[in-house]
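Analysis of the macromolecular model
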Amino acid sequence: MKMKSINRGDSFLESSLKIFVLVGAGILFAIALSAFVTHDLIDALKQRISSPVLILYAEIIGFVSPGPRYIIYPFLVKLKDFGLGAGVIVALISGHVLIEPSTAFVEAAFFGYKFPVKRFFISFVLVFLLGLFTVFLTDYVGWRIL
Amino acid sequence: MKRLLLLLRNLLESTENRIGFFLLLASGILFLISPQKVGLALRENVGMAINILLLTIVAVIISAAVERFVKAEFVERYFHGNRRRHLLYATVLGILTPGPIYAIYPIVFSLKRKGVPNHVVVSYITGQTIIGPARIPFEVGLLGVKFFIYRVILSVIIGFLAGFLYNLSSKVLPDRL
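Residues numbered from 1 in each chain as written. Chains lettered and ligands numbered in written order. Predicted model: local features only at pLDDT ≥ 70, side-chain atom pairs only at ≥ 80, totals over all residues. Heavy atoms only, no water.

Turning our eyes to something else, we now look at the overall build of chain A. The number of helices and strands found in chain A is seven helices and zero strands. Walking chain A from its N terminus toward its C terminus, one meets helices and strands in the order α-α-α-α-α-α-α. Taking all 146 residues of chain A together, 52% fall into the buried category. Sequence-distant contacts in chain A: of pairs separated by 6 or more residues, those separated by 24 or more amount to 73%. About 6400 Å² of surface is accessible on chain A, with carbon and sulfur atoms providing 68% of the total. (Helix = DSSP H or I, 4+ residues; strand = E, 2+ residues; numbered from the N terminus. Buried < 20%, exposed > 50% of the residue type's maximum accessible area, 1.4 Å probe, protein only. Contact = heavy atoms within 4.5 Å. Areas by Shrake-Rupley, 256 points an atom, 1.4 Å probe, with all protein chains shown as cover.)

In structure tokens, the structure reads:
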């Protein structure tokens, strides 16, 4: 699909207005979608499953939870209180913000669809490794990060 | 009616407007699926939405300043080209940039206009999104200083690696020109 880019030929004011339209619509979509992320999804993290799978779940939940970053902190404190490890919390917090559905659309408009797709896959792999590394540090080396 | 359709057609000629329209439509569908849930979420988040829009204005002002004051030579020197250290600069710049994810796009757009390559932009976005000045009170207060320092160190590494891997992946799957 040939996409027109906002960085070609538009004035700064026009581009800024387009950004506001996109941001406004993105916020609305993020809020609407976040209404469907229930505590049941978060509860899945509490179940006894292996650390790598738990990290994957945390990442996916982080990814599908749109909204501003500070919204997730109450969840993180709860998870910490429930005894979940730093690896899962790191994966959730990082997965939540690295890329999300609404910003992927904004990025596609700026750079083309390949940009968010590649960024998503790279972020996904990196956050997973980050979670595993944190588990290694906390569970095997004995670092106390939290 | 004809005028309205014409106006709508003109508006939807732009890709960005089409995407904005799609997001509005998707939000409308979600609202129809569960008016109570979505309505409640909207009511609870009005203040936050206004905050983000206000911060977007700040980001647009910053991007205007970038546009006006950042000379092409600066961009050429610190962000242009394929040097790996540019990924590090971009990551650190991202970490130091305040504002929510939506609000940084005007800055990203400005950097792009200045000719910053996409993989360096990826490092910047990664650095900005994974951590930022606004998170300090949340993370230090709720999860502790050690956790925050650990995340800052990891963020520098991840930002660098994200740009590096993006560059590698672009050799297989090139971006649009």
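Okay, the nonpolar core next. Phe-115 of chain A together with Val-108, Val-121, Tyr-124, Ile-125 and Phe-147 of chain B are the most contacted members of the largest nonpolar core, which totals 70 residues. Once residues within four sequence positions are removed from consideration, Val-108 of chain B is found in contact with Phe-111 of chain A together with Val-121, Tyr-124 and Ile-125 of chain B. (Core = buried A, V, L, I, M, F, W, Y, C linked by side-chain atoms within 4.5 Å.)

This paragraph deals with the interface of chain A and chain B. Contacts between the two partners involve 67 residues from chain A and, on the opposite side, 70 residues from chain B. Carbon and sulfur atoms make up 74% of the surface buried where chain A meets chain B, a total of about 6800 Å² over both sides. With a shortest N-O distance of 2.9 Å, Asp-175 of chain B and Lys-118 of chain A are connected by a salt bridge. Among the secondary structure elements, those contributing two or more residues to the side of chain A that touches chain B are α1 (12-34), α4 (73-81), α5 (86-98), α6 (101-111) and α7 (114-141) of chain A. Considering only residue class, the side of chain A that touches chain B consists of 43 nonpolar, 12 polar and 12 charged. (Buried area = accessible area lost by both parts, 1.4 Å probe. Salt bridge = Lys/Arg side-chain N within 4 Å of Asp/Glu carboxyl O. Nonpolar A, V, L, I, M, F, W, Y, C, P; charged D, E, K, R; others polar.)

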